[in-house]
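Architecture at a glance
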Amino acid sequence: MRGRLVLAGLGVLTALPPALAQLPPASPLPPAQGMPPNRTAPPPIQIPRLPDPPPSRPQPAATGQPNASAPTQPGLSDGSTLPPGMSDVPLPYPEDKFPLDAGSVMLKRLGGSWQVWAGQRLVRDLGNDETSAKDVTRLLRELRPTEWARIGSPRPVVEYGLINGRPPVVGGFPKMTTPIDLRAVRVEAVKGVWCLRDDDSILFNFGANRADAEQALAVVRKYGFNRVGLVGPPSAPAMAYFFAALEADKAARPAGGALTAAAQERALARTGIPVPGVGYVGEMLRIDPRKVEARREGAEWVIASGPEVIGRFGPWEWTARDAVRVIQDGRYTEFCRFGSAGVTFFLSNGKAPTKVPFSAQGRRFNLPELKAQMINGKWAVTEAGRHLFDVSGQEEGEQLIRLLRHFQFDQVCLLGQNPKAGLQFLAKGR
């Protein structure tokens with residue numbers, strides 16, 4: 001079936017019509033391992049002025065070479081191994097990729113999770129989703145890539161495979177695909193987040209990370225990727241990936257165009273936080289409190305909304321479950337994150353909750369006395385000279401003060417043992 005998917009949210013918005021589903025990203029997580037060095041965080045998005053694009057960087061030489069005897073794409077009627085759109089486009093950042101031997105790809109059941117391995121490398125942990133784990137295994141075996149690459153942090157938003165530095169070409173279509181108009185694909189700010197899109201659809205939502213969005217655009221142009229495929233159910237895809245198809249782009253263009261794209265904009269699960277007089281700042285993720293859960297990831301307990309981790313609690317299961325009860329009892333519908341220090345808070349239908357959780361430890365502050373100033377050579381938001389929040393500079397500090405006063409937040413609460421093994425968030429006490 002050649003379905004029309006619409007991808008957005010943390011990444012991915014699917015199944016329009018009749019329903020919208022999104023893959024939402026970015027939660028307060030530590031930086032992902034394996035990210036390219038020296039990448040700087042993009043400036044916060046504001047309205048009406050947008051920050052300048054990140055400067056291009058020369059790409060360093062690859063540290064390893066793929067297997068010279070690796071397989072090429074089989075079974076194409078014309079013998080092609082390159083899509084027509086492939087070009088020599090420089091990438092702004094080095095690719096986050098690793099060698100992969102498709103012949104060693106296997107499915108394992110370890111620690112209660114379904115995992116996809118390539119030799120000694122864990123490629124993907126699918127938890128209890130056996131069907132998606134089998135589909136990812138089958139995909140890697142069929143594409144037979146010699147390298148696998150990812151874009152997005154703290155977890156991949158989109159992935160792709162290469163065969164000796166060139167994209168594998170698919171003669172047919174996976175079950176769920178969306179076309180990419182290579183003539184119109186671009187990076188664009190939509191409601192305070194950076195999206196990869198064309199005229200007909202929003203393909204991926206990279207949140208506040210403009211660098212990842214620019215990298216995805218360059219990858220599409222360099223390798224001529226003209227399709228996006230999904231693995232897993234449309235409402236919660238386990239993987240989204242670029243691939244190149246031999247069929248002409250126009251053959252798959254669906255009706256809807258601008259109307260479909262407008263519907264996607266309204267349904268974005270991840271946007272900026274609207275602050276009057278400032279514009280969009282930070283990130284706001286829509287959540288369903290009934291679906292927030294505590295689960296174990298490796299050696300620690302986390303609370304999550306679908307694939308998005310909201311807080312990490314180390315080995316303390318009971319504090320993670322207590323945090324889930326707080327979110328569900330408060331009926332929070334948005335989880336927000338602002339600034340370089342990762343200040344977080346919840347909203348209920350766009351408004352600050354007025355009920356402070358009894359189990360949270362609160363530290364009050366006086367809104368009229370807040371000020372952005374330098375302390376020991378570093379910028380901070382202070383209350384009458386007392387340090388409250390770290391900020392990257394005066395502009396971020398003033399934005400944070402405007403945000404606090406807009407929502408009338410006047411205290412910091414903590415669920416858990418400490419900020420590194422718990423969830424610290426703003427609250428409105430009165």
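Residues numbered from 1 in each chain as written. Predicted model: local features only at pLDDT ≥ 70, side-chain atom pairs only at ≥ 80, totals over all residues. Heavy atoms only, no water.

1. Brief notes about helix α5 (residues 394-407)
Taking 1.5 Å per residue, 14 residues should reach 20 Å; α5 reaches 20 Å between its end C-alpha atoms and fits that length. Of the residues one or two after α5, Gln408 is the one with positive phi, at around 60 degrees. (Helix = DSSP H or I, 4+ residues; strand = E, 2+ residues; numbered from the N terminus. Expected span 1.5 Å × (residues − 1).)

2. Some words on unusual backbone geometry
Here the phi dihedral of Arg331 falls at roughly 55 degrees; this positive angle occurs in a residue that is not glycine. Tracing the chain through its elements places Arg331 in the loop between α4 (317-330) and β22 (334-338). Judged by its relative accessible area of 64%, Arg331 is exposed. (Buried < 20%, exposed > 50% of the residue type's maximum accessible area, 1.4 Å probe, protein only.)

3. Notes on the side chain of Gln115
Structurally, the position occupied by Gln115 is in strand β6 (residues 113-118). Look at Gln115 and you get buried, because its relative accessible area is 10%. Apart from residues lying up to four places away in sequence, Gln115 is in contact with Met106, Leu107, Lys108, Leu110, Leu122, Arg124 and Asp125. (Contact = heavy atoms within 4.5 Å.)

4. Details of the packing of aromatic side chains
Taken as a whole, this structure holds 14 aromatic pairs when the rule is applied. With a centroid separation of 6.0 Å and an interplanar angle of 40 degrees, the aromatic rings of Tyr160 and Tyr223 are classed as tilted. Here the residue Tyr160 occupies a position in strand β9 (residues 158-162), and Tyr223 occupies one in helix α2 (residues 210-223), the gap between them amounting to 63 residues. Note on Phe346 and Phe425: the rings are 5.6 Å apart at their centroids and 75 degrees apart in plane angle, and the pair reads as edge-to-face. With Phe346 in strand β23 (residues 343-347) and Phe425 in strand β29 (residues 422-427), the pair connects residues that are 79 residues apart, well separated along the chain. According to the relative accessible area criterion, Phe346 is buried, its value standing at 3%. Members of the aromatic cluster, connected to one another through ring pairs, are Tyr160, Phe204, Phe206, Tyr223, Phe225 and Phe242. Here the basic side chain of Lys108 rests over the ring of Trp117, its NZ or CZ set 4.6 Å away from the ring centre. (Phe/Tyr/Trp six-rings, centres within 6.5 Å; stacked < 30°, edge-to-face > 60°. Lys NZ or Arg CZ within 6 Å of the ring centre and 35° of its normal.)

5. Section: the sheet that holds strand β14 (residues 202-205)
Pairing is antiparallel in the open sheet, where three strands are placed in the order β12-β13-β14. The outermost strands of the open sheet, each flanked by one partner alone, are β12 (186-190) and β14. Geometrically, the sheet is characterised by an average inter-axis angle of 35 degrees between neighbouring strands, direction not taken into account. Against the sheet, α2 touches β12 and β13 (193-197), its axis set at about 10 degrees to β13. (Pairing = 2+ DSSP bridges. Axes fitted to C-alpha atoms, helices over the stretch in contact; angles between N-to-C directions.)

6. Notes on the pairing of strand β27 (residues 386-390)
Strand direction decides the pairing type here: strand β26 (residues 378-383) and β27, joined by four bridges, are antiparallel. Considered in β27, the bridge of Val381 is made with Phe389.

7. So, the sheet that holds β6
Pairing is antiparallel in the open sheet, where three strands are placed in the order β5-β6-β7. The open sheet has two free edges, formed respectively by β5 (105-110) and β7 (121-125), since each of these has just one partner strand. Strand after strand, the sheet turns through a mean of 35 degrees between neighbouring axes, direction not considered.

8. Some words on the pattern of salt bridges
In total, this model carries 23 salt bridges according to the counting rule given. With its nearest N and O atoms 3.1 Å apart, the salt bridge here joins Glu188 to Arg197. Take Glu188: its relative accessible area is 26%, and that puts it in the partly exposed class. Given a relative accessible area of 5%, Arg197 falls into the buried group. Glu214 serves as the salt-bridge partner of Arg210, at 3.3 Å between the closest nitrogen and oxygen. Here the residue Arg210 and the residue Glu214 both occupy positions in helix α2, the gap between them amounting to four residues, near one helical turn. The same class applies to Arg210 as to Glu214, namely buried. Through salt bridges that share partners, Arg186, Glu188, Arg197, Asp199 and Glu265 make up one connected network. (Salt bridge = Lys/Arg side-chain N within 4 Å of Asp/Glu carboxyl O.)

9. Considering the environment of Thr354
Position of Thr354 among the secondary structure elements: in the loop between β23 and β24 (361-364). Each C-alpha atom, one on Thr354 and one on Gly429, is 6.1 Å from the other, the two residues being 75 residues apart in sequence.

10. Digging into the nonpolar core
Ranked by internal contacts, the top residues of the largest apolar core, which has 28 residues, are Tyr160, Leu196, Phe204, Phe206, Val219 and Phe242. Residue assignment for this core shows that the elements contributing at least two residues are β8 (147-151), β9, β13, β14, α2, β15 (227-231) and β16 (239-245). Counting residues per element, this core draws most heavily on α2, at seven residues. Formed by 27 residues, the second largest nonpolar core is a distinct cluster that contains Val281, Val343, Leu370 and Ala372. (Core = buried A, V, L, I, M, F, W, Y, C linked by side-chain atoms within 4.5 Å.)

11. Section: the confidence of the model for the protein
Of all residues in the protein, 74% have pLDDT values of 70 or greater, and the mean over the chain is 79. For the protein, strand β2 (residues 13-14) is the element with the lowest average pLDDT, namely 37, and β8 is the one with the highest, namely 97. (pLDDT = per-residue confidence, 0-100.)

12. Some remarks on helix α1 (residues 130-143)
The end-to-end C-alpha separation of α1 is 20 Å, in line with the 20 Å expected for 14 residues at 1.5 Å each. Ser132, Ala133, Val136, Thr137, Leu139, Leu140 and Leu143 are the residues of α1 that are buried. Around the axis of α1, the buried residues are gathered within 160 degrees of arc, so they sit on the same side. Across α1 from its buried face, at more than 90 degrees, point the exposed residues Thr131 and Glu142. (Arc of directions from axis to C-beta.)

13. What about the pairing of β8?
Most of β8 is tucked away, with four of its five residues classed as buried. Bridge count for β8 against β9 is five bridges, and the pairing is antiparallel. Each bridged residue has a counterpart across the sheet, and for Glu147 the counterpart in β9 is Leu162. Remark: six residues form the turn of the hairpin made by β8 and β9, two consecutive strands paired antiparallel; Gly152 in that turn has positive phi of roughly 125 degrees.

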